[in-house]
Amino acid sequence: MSSFKAVDLANPGVRTLSPYQAGKPIEEVERELGIKNIIKLASNENPLGLSRQVKAALQETLAGLARYPDANGFYLKSKLAAKHQVAANQITLGNGSNDVLELVARTYVSADHEVIFAQHAFVVYPLVTQAIGATGVAVPAKNYGHDLPAMLQAITPRTRMIFIANPNNPTGTFLTASELYEFLQQVPANVLVVLDEAYYEYVDEAERAPSIQWIAEFPNLVVCRTFSKAYGLAGLRAGYAVTHADVADYMNRVRQPFNMNSLSLKAAEVALDDVEYLAESIRLNQLGMAQLVEFCESKGLPYIPSHGNFLTIEVGDNAAKIYQQLLQAGVIVRPVAGYELPRHLRVSIGLKHENQAFIDAMSALL
Ligand SMILES: *Cc1c(COP(=O)(O)O)cnc(C)c1O
């Protein structure tokens, strides 16, 4: 029998794929360093925790968990359709928006295609592109953000998809509605533009792009949103895409029928109506952002102005060491060397005392 080598059997793009690096879990730091009371500011989670209304709804849902969930998420889609003033058949639900980002690529991109994204953009875009065996085209950033004219220039006859994160993670950079609109006008109709708006709710209301309304004009536009950030459901996994109905039709053929479970469906429905929780999330984020920005200014630490629920700070050449020292001090932040930002660390906005713990630990290191 010839020798077995998994690498030879893996799809070509998968052979050299590096796995997604998640923020370090609290339990892992406790286990490894033997310390308690860890503060995690590493995954842009909502520091408020689950809302009371969501908790109560989850309790009620437990009794029905022996049954399969609604494969079409009827109630959640109805709610989302009403909220966004679109038809329910324009919505594709996902096990988090990561699921939707992968789904749209698997539905529309094949190994012959090129996929464009920006340098420093969310790592899931190159990951899904490579897994499919397609060619990723990373366009150099401008001021840490998307250089839209350069991204237009990068379009070739082989381009099938462009990923844009707005605001972007891990840089927090933001494209205005008019910049995006002008860009969409110039993208050929046979190139899908996936606009990932995971941090949409944190953007000032006056600055938010009417992106979902644009779908009527640009049927090649895919808008992705999530319940993981401002809605506080990261652990449940709930996200969705709004698209032209025909685009959704094909995505829903590829989608696993039960990709959202009964708990995440219910939690997302309730979270959509919990306007007080959402408002409190946004308010808390503004205060926390001001707290961290003020700290950076007072210490002369450069940072990338952020429209998200995190701040990416240039701590210098020894960022990796500072990351480790912060861990020792019980504060988990996110190294971003993998995003070609080796001098930066990304800090999620937490509760006031959590932000202060980071500030104190960081101050001790400076
Ligand atoms: C956090 C994040 C998401 C959301 O991921 P989920 O799978 O919905 O938890 C999507 N895109 C970006 C850019 C993010 O930072």
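What you are looking at is a predicted structure, and each value in this text was computed from that prediction instead of being measured. (Residues numbered from 1 in each chain as written. Predicted model: local features only at pLDDT ≥ 70, side-chain atom pairs only at ≥ 80, totals over all residues. Heavy atoms only, no water.)

1. As for the environment of Tyr75
Right, on to step 1. Structurally, the position occupied by Tyr75 is in helix α5 (residues 74–84).
Right, on to step 2. With 10 residues separating them in the primary sequence, Tyr75 and Leu65 have C-alpha atoms 17 Å apart. (Helix = DSSP H or I, 4+ residues; strand = E, 2+ residues; numbered from the N terminus.)

2. Looking at the UniProt feature "modified residue: N6-(pyridoxal phosphate)lysine" (unreviewed entry) in the chain
Right, on to step 1. Using the residue numbers shown here, the UniProt feature "modified residue: N6-(pyridoxal phosphate)lysine" (unreviewed entry) corresponds to Lys229.
Right, on to step 2. Note that Lys229 resides in the loop between β7 (221–226) and β8 (239–242).
Right, on to step 3. Residue Lys229 is classed as buried on the basis of its relative accessible area of 15%.
Right, on to step 4. The residues contacting Lys229, other than those within four sequence positions of it, are Ser43, Asn44, Asn46, Ala198, Tyr199, Tyr202 and Asn309.
Right, on to step 5. In terms of polar contacts, Lys229 uses its side chain to reach the side chain of Tyr199, at 3.1 Å. (UniProt positions renumbered as here; feature names shortened; annotations may be inferred. Buried < 20%, exposed > 50% of the residue type's maximum accessible area, 1.4 Å probe, protein only. Contact = heavy atoms within 4.5 Å. Polar contact = N/O pair within 3.5 Å; in protein donor to acceptor, adjacent residues only side chain to side chain.)

3. Structural notes on the domain arrangement of the chain
Right, on to step 1. Splitting the chain by domain gives domain 1 (21–49 + 276–365) and domain 2 (52–273).
Right, on to step 2. Computed from C-alpha coordinates alone, the two centres of domain 1 and domain 2 are separated by 25 Å.
Right, on to step 3. At the junction of the two partners, domain 1 supplies 25 residues and domain 2 supplies 26 residues.
Right, on to step 4. Between domain 1 and domain 2, the buried area comes to about 2000 Å², and carbon and sulfur atoms account for 60% of it.
Right, on to step 5. Our count for the domain 1 to domain 2 interface comes out at zero salt bridges.
Right, on to step 6. For the side of domain 1 that touches domain 2, the secondary-structure elements that each account for two or more residues are α13 (275–299), β10 (310–314) and β13 (344–348).
Right, on to step 7. Among the elements that take part in the side of domain 1 that touches domain 2, α13 stands out by supplying six residues, more than any other.
Right, on to step 8. Grouping the constituent residues of the side of domain 1 that touches domain 2 by class yields nine nonpolar, 12 polar and four charged. (Domains from an automatic or database assignment. Buried area = accessible area lost by both parts, 1.4 Å probe. Salt bridge = Lys/Arg side-chain N within 4 Å of Asp/Glu carboxyl O. Nonpolar A, V, L, I, M, F, W, Y, C, P; charged D, E, K, R; others polar.)

4. Quick word on the pattern of salt bridges
Right, on to step 1. Scanning all chains against the criterion turns up 12 salt bridges.
Right, on to step 2. Across the salt bridge formed by Asp273 and Lys79, the nearest N and O atoms sit 2.8 Å from each other. Of the two residues, Asp273 is situated in helix α12 (residues 262–273) and Lys79 in helix α5; the sequence distance between them amounts to 194 residues.
Right, on to step 3. Of the residues examined, Asp273 reaches a relative accessible area of 47% and is grouped as partly exposed.
Right, on to step 4. Lys79 gets classed as partly exposed once you look at its relative accessible area, which sits at 30%.
Right, on to step 5. A salt bridge links Glu280 to Arg283; the nearest nitrogen and oxygen atoms lie 3.1 Å apart. Taken together, the residues span about one helical turn, with Glu280 and Arg283 both in helix α13 at a distance of three residues.

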